[in-house]
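Chain by chain, the residues:
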Amino acid sequence: MKTLVSRILATAMLAAIAMLLLVAATPSKGAIAEPDKLVILSTTDVKGMTSACG
Amino acid sequence: MDSIKASYGQVVLVDNGGFFPMDDMHQDASWFLMDAMRVLNVDAVGMSERELRFSATYLRAQLKRSQLPMVCANLYDAKTKKLFVQPYLLKQVGGVKVGIFGLMSANVDLGPSKDSLRVEDPAVAAKRAVAELRKKGATVVVLLSQLGKVESEDLVTAVDGIDAAMIGHNVPLLQKGRMVKNTVVCYGGEQGQYIGRTLITLDDKKRMKTGDNETFILGPDIPDKKEITSLVKGFEDSFNEKLRRLEKERAAEDAKKVSQGAPDHYLGGEVCARCHPAEAAQWKTTKHAQAWQTLVDAKKDATPECISCHVVGYNQAGGFRDANTTPTMVNVQCENCHGMGTQHDAFRTTPRRVTEQTCRSCHTQQASPEFDFALFEPHINHKGVGTKQPLPVSPMKGQIPAGR
């Protein structure tokens, strides 16, 4: 009985470690693409134009 | 914009100000653009004296209604000494704390607000705004400048701590920005036809290491955002009807004034064709002969700043009033290049040559960036066919890398 419990505990422990490793290896959803870059998109002097003359 | 946001996690979207229309007739475009910028989630908007043209009260009401994040660090209420709008914004963009502040020129006419508002020396306001933003933890500081080219460059040279400056107010378009001292500067085009992309590389402390800027034309190869396209179409459909009515009323009033004592006037191409049938026939093959239809298709046939380059003698003696009362004066005709028909007798002694300058009165760098006189001139010079190369279809096509 004791052996069985030990085995179950050991298996659970291994599964937990594997899960932790997997989580650590997977990029989190909150990771920022190109974290060393900042992009500024800008417009200026639109002067009331909602589209080009044509 | 969406694709840039997908490629780069840390993106800031700003408008530099100067977005209010050039004439009173287009006032509706001011509130519409404010709403559109909110839909686009613009992070900060600068301001110039143009935004005050319909009065400070009007702007205040529209800012309250639209909740547009407008910034200007040097415009004060003359009586209360309080800033007209917030001086700056501090935005957490991913892992970067970005400070954005705005400045307008002290040398401008504030129009109906000239007695109620006061503009502080931009350099004094800039030093204060930069210091406060840095103190509050901004690692990147961005200036939305409506000071024009020279004054803006002088300012970023004199005031330390500005990482990037977006420059507006009659600034010539430069496709590539440049570093001015330690500031990357964007000289960004106008009239909503261009977008500046400033790329800042950050160090470990999220401070600017290097900066680069490029301005792109928003040509047909860059797809519109669906949500905005339907918003613009809905607005333009109803607004254009209103403009047509107002333009007709104005044209009738102007016609009365112009007809009083104007010996020289426009005649229209049909009169010229009586003696110059070959040239008239060749003209019919050119894009000039369809210039009006392009405006109608774009629903800009009631927009004065567009009309003048698509008709003959807009609001001048004998020239175009509106499409109903002066239907023969639509399109770019003989007199656009050669001058008024009633001056014809003088052509023999003082002939008017069609030069690049003639074309450039309409084919400006802003409105017609693809224009190349050597390439376009053979299409309109009445000298027959054989040397013509196809005209470019899309201006500066492919300037923005695919997927960006």
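Please read these numbers as outputs of a predicted model, since none were measured by experiment.

Enquirer: Help me get a handle on the overall build of chain B, residues and values and all.
Expert: Helix and strand content of chain B: 14 helices and twelve strands. Counting all 404 residues of chain B, 37% fall into the buried class. Within chain B, contacts between residues at least 6 apart in sequence are counted, and of these 63% link residues at least 24 apart.

Enquirer: For the interface of chain A and chain B, give the residues involved together with the corresponding values.
Expert: Taken together, the contacts link 23 residues of chain A with 56 residues of chain B. Partitioning the side of chain A that touches chain B into residue classes produces eleven nonpolar, seven polar and five charged.

Enquirer: Describe the domain arrangement of chain B, and please don't skip the residues or the numbers.
Expert: Residue and element names in this part refer to chain B. As assigned here, chain B comprises domain 1 (2-217) and domain 2 (226-379). Each of domain 1 and domain 2 has a C-alpha centre, and the two are 35 Å apart. Each partner contributes to the interface: domain 1 provides twelve residues, whereas domain 2 provides twelve residues. Here the element with the most residues in the side of domain 1 that touches domain 2 is helix α2 (residues 27-39); it accounts for four residues. Along the lines of polarity and charge, the residues of the side of domain 1 that touches domain 2 split into eight nonpolar, one polar and three charged.

Enquirer: Give a description of unusual backbone geometry that names residues and reports values.
Expert: Glycine aside, residues mostly have negative phi angles, and peptide bonds mostly take the trans form. All names here are of chain B. The residue Gln 67 is not glycine, and still its phi comes out positive at about 60°. Position of Gln 67 among the secondary structure elements: in the loop between α3 (56-66) and β3 (75-77). Gln 67 gets classed as exposed once you count the C-beta atoms within 10 Å, which come to 9. One non-glycine residue with positive phi stands out, namely Asn 331, at about 75°. Summarising the element assignment, Asn 331 is placed in the loop between α10 (304-307) and α11 (334-338). Taking the C-beta count within 10 Å as the criterion, Asn 331 has 23 such neighbours and is therefore assigned buried.

Quick notes on the rules
- Residues numbered from 1 in each chain as written.
- Chains lettered and ligands numbered in written order.
- Predicted model: local features only at pLDDT ≥ 70, side-chain atom pairs only at ≥ 80, totals over all residues.
- Helix = DSSP H or I, 4+ residues; strand = E, 2+ residues; numbered from the N terminus.
- Buried ≥ 20, exposed ≤ 12 C-beta atoms within 10 Å, placed from the backbone.
- Contact = placed C-beta atoms within 7 Å.
- Nonpolar A, V, L, I, M, F, W, Y, C, P; charged D, E, K, R; others polar.
- Domains from an automatic or database assignment.

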